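Report on the structure
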Amino acid sequence: MGPEDYRFYKDLRVRIVDMARREINAKTDIAFEYEEIKKGRKVVALRFRITKNPRADTPDPLRDDPRLARLVARLTAHGMAEEAARAIVQAHEPELVEWATTDLARRLKGKEKIENPAGWLRKAIEEDWRPQPTLFSQEQSQARENEREAERERQDHEAKTAEGRKADSAREKAAIMAFIDGLPEDERQALEQGFREHLAGTVTGIVAKRFEGGETWVADPILRAKAADFIRTRSNGKW
């Protein structure tokens, strides 16, 4: 290997190591420096000093938030300096930056000639080149939002109504059973017999068979409704 070749490979090695040092020091929780070990004038080895990276303990939203970190990486991938990319991501809404990088990728894929992608991105973001909606599309968007709001209100109303019905049902069940359990044994048996006869004439045999006294007064909505009407009629105002 001649002197020119040696200098070429030495410069290449230094550039590669320096690039790795910058990347590691900027993006990881360790940092390193190095020095050349020479034998005479020839570099025979590198000595590395690895330390804890103090930057890793400093909160950095652009590094710690995966979405923002991805946007910075997208900008730098198109030739923008990292500090400039970080400044743009900090100063603009993520949706705008994401739109610009996506639109640039689409244009480049379509063979559109953009000589300075980093400059194009900067202008597209700072001037907000996103297509502006027409008045008609704005009206459509507002109409869709009104429909969504109406649907949310309807669902809220149904949920509240269902909760109210559930609470009313629980109160009615409790009231029926409290009345039944408070009767003397003979009155309770007489009331149950009267209710069986009432069911035989008002509901199907399948439903009537579900009543066996006790908790079956309120076993299902049909029996509970029949029981409430029957007890009101037979209790002479006591329930």
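Before reading further, recall that the structure is shown in the block above.
Quick look at the structure, then.

Each value, and the rule that gives it
- Residues numbered from 1 in each chain as written.
- Predicted model: local features only at pLDDT ≥ 70, side-chain atom pairs only at ≥ 80, totals over all residues.
- Heavy atoms only, no water.
- Pairing = 2+ DSSP bridges.
- Helix = DSSP H or I, 4+ residues; strand = E, 2+ residues; numbered from the N terminus.
- Salt bridge = Lys/Arg side-chain N within 4 Å of Asp/Glu carboxyl O.
- Buried < 20%, exposed > 50% of the residue type's maximum accessible area, 1.4 Å probe, protein only.
- Phe/Tyr/Trp six-rings, centres within 6.5 Å; stacked < 30°, edge-to-face > 60°.
- Expected span 1.5 Å × (residues − 1).
- Arc of directions from axis to C-beta.
- Core = buried A, V, L, I, M, F, W, Y, C linked by side-chain atoms within 4.5 Å.
- Contact = heavy atoms within 4.5 Å.
- Axes fitted to C-alpha atoms, helices over the stretch in contact; angles between N-to-C directions.
- Parallel < 35°, antiparallel > 145°, perpendicular 65-115°, else oblique.
- Left-handed = near helix turned anticlockwise from the far one by under 90°.
- Nonpolar A, V, L, I, M, F, W, Y, C, P; charged D, E, K, R; others polar.

1. Considering the pairing of strand β2 (residues 42-52)
Note that strand β1 (residues 30-39) and β2 share 10 bridges and pair antiparallel. Paired with Glu36 across the strands is Leu46, a residue of β2. Count of turn residues in the β1/β2 antiparallel hairpin: two residues, of which Gly40 carries a positive phi of about 75°.

2. Some details on the pattern of salt bridges
Under the counting rule described, the total for this entry stands at 23 salt bridges. A salt bridge links Arg67 to Glu98, with the nearest nitrogen and oxygen atoms 3.2 Å apart. Taken together, the residues Arg67 in helix α3 (residues 66-77) and Glu98 in helix α5 (residues 94-109) connect sequence positions 31 residues apart. The exposure class of Arg67 is partly exposed, given its relative accessible area of 29%. Given a relative accessible area of 21%, Glu98 falls into the partly exposed group. Overlapping salt bridges, with partners in common, bring together Arg67, Arg74, Glu95 and Glu98 in one network.

3. A look at the environment of Glu83
Among the structural elements, Glu83 can be located in helix α4 (residues 82-91). For Glu83, a relative accessible area of 60% translates into the label exposed. Residues Glu83 and Glu23 lie 60 residues apart in sequence; the distance between their C-alpha atoms is 13 Å.

4. Quick notes on the packing of aromatic side chains
Within the structure shown, the criterion is met by seven aromatic pairs. Their ring planes at 45° and their centres at 5.3 Å tell us that Phe195 and Phe230 sit as a pair that is tilted. Linking Phe195 in helix α8 (residues 185-202) with Phe230 in helix α10 (residues 221-234), this pair joins segments that are 35 residues apart in sequence. One exposure class covers both Phe195 and Phe230, and it is buried. An aromatic cluster is present here, built from Phe195, Phe211, Trp217 and Phe230 joined pairwise through their rings.

5. What to know about α3
Because each turn of an α-helix spans 3.6 residues, side chains separated by three or four positions in sequence point in the same direction. Between its first and last C-alpha atoms α3 spans 16 Å; for 12 residues at 1.5 Å apiece the expected length is 16 Å, and the two agree. Taken together, the buried positions of α3 are Leu68, Leu71, Val72 and Leu75. For α3, the arc enclosing every buried residue in end-on projection is 100°, short of the 170-degree limit, so these residues lie on one face. Exposed positions of α3 whose direction lies more than 90 degrees from the buried face are Pro66 and Ala77.

6. What to know about the nonpolar core
Counting 20 residues, the largest nonpolar core has Leu75, Met80, Val89, Val97, Leu121 and Ile125 as the members making the most contacts within it. Broken down by secondary-structure element, the contributors of at least two residues to this core are α3, α4, α5 and α6 (117-126). Per-element tally for this core: the top contributor is α6, with five residues. Once you skip the residues sitting within four places of it in the chain, Met80 turns out to touch Leu75, Ala85, Ile88, Ala118, Leu121 and Arg122. Ile176, Phe195, Leu199 and Ile231 belong to the second-largest nonpolar core, a separate cluster that totals 18 residues.

7. As for unusual backbone geometry
Most peptide bonds are trans, and most residues other than glycine sit at a negative phi. Look at Lys111: it is not a glycine, yet its phi comes out positive at around 70°. Within the secondary structure, Lys111 sits in the loop between α5 and α6. The backbone of Asp128 sits at a positive phi, close to 50°, despite the residue not being glycine. Here Asp128 falls in the partly exposed class, since its relative accessible area comes to 28%.

8. Here we look at the side chain of Thr216
Here Thr216 lies in the loop between α9 (205-209) and α10. The exposure class of Thr216 is buried, given its relative accessible area of 17%. Once you skip the residues sitting within four places of it in the chain, Thr216 turns out to touch Arg210, Phe211 and Leu223.

9. Examining the packing of α5 against α6
Closest axis-to-axis distance for the α5/α6 pair is 9 Å, and the angle between their directions is 140°. Judged by the angle between their axes, α5 and α6 are oblique. Where α5 crosses over α6, the handedness of that crossing is right-handed. Along the contact surface, α5 presents Leu96, Val97, Trp99, Ala100, Thr101, Asp103, Leu104 and Arg107, while α6 presents Pro117, Trp120, Leu121, Ala124 and Ile125. Grouping the amino acids of the contact of α5 with α6 by side-chain chemistry returns 10 nonpolar, one polar and two charged.

Everything listed here is a matter of coordinates, which is why it stays silent on function.
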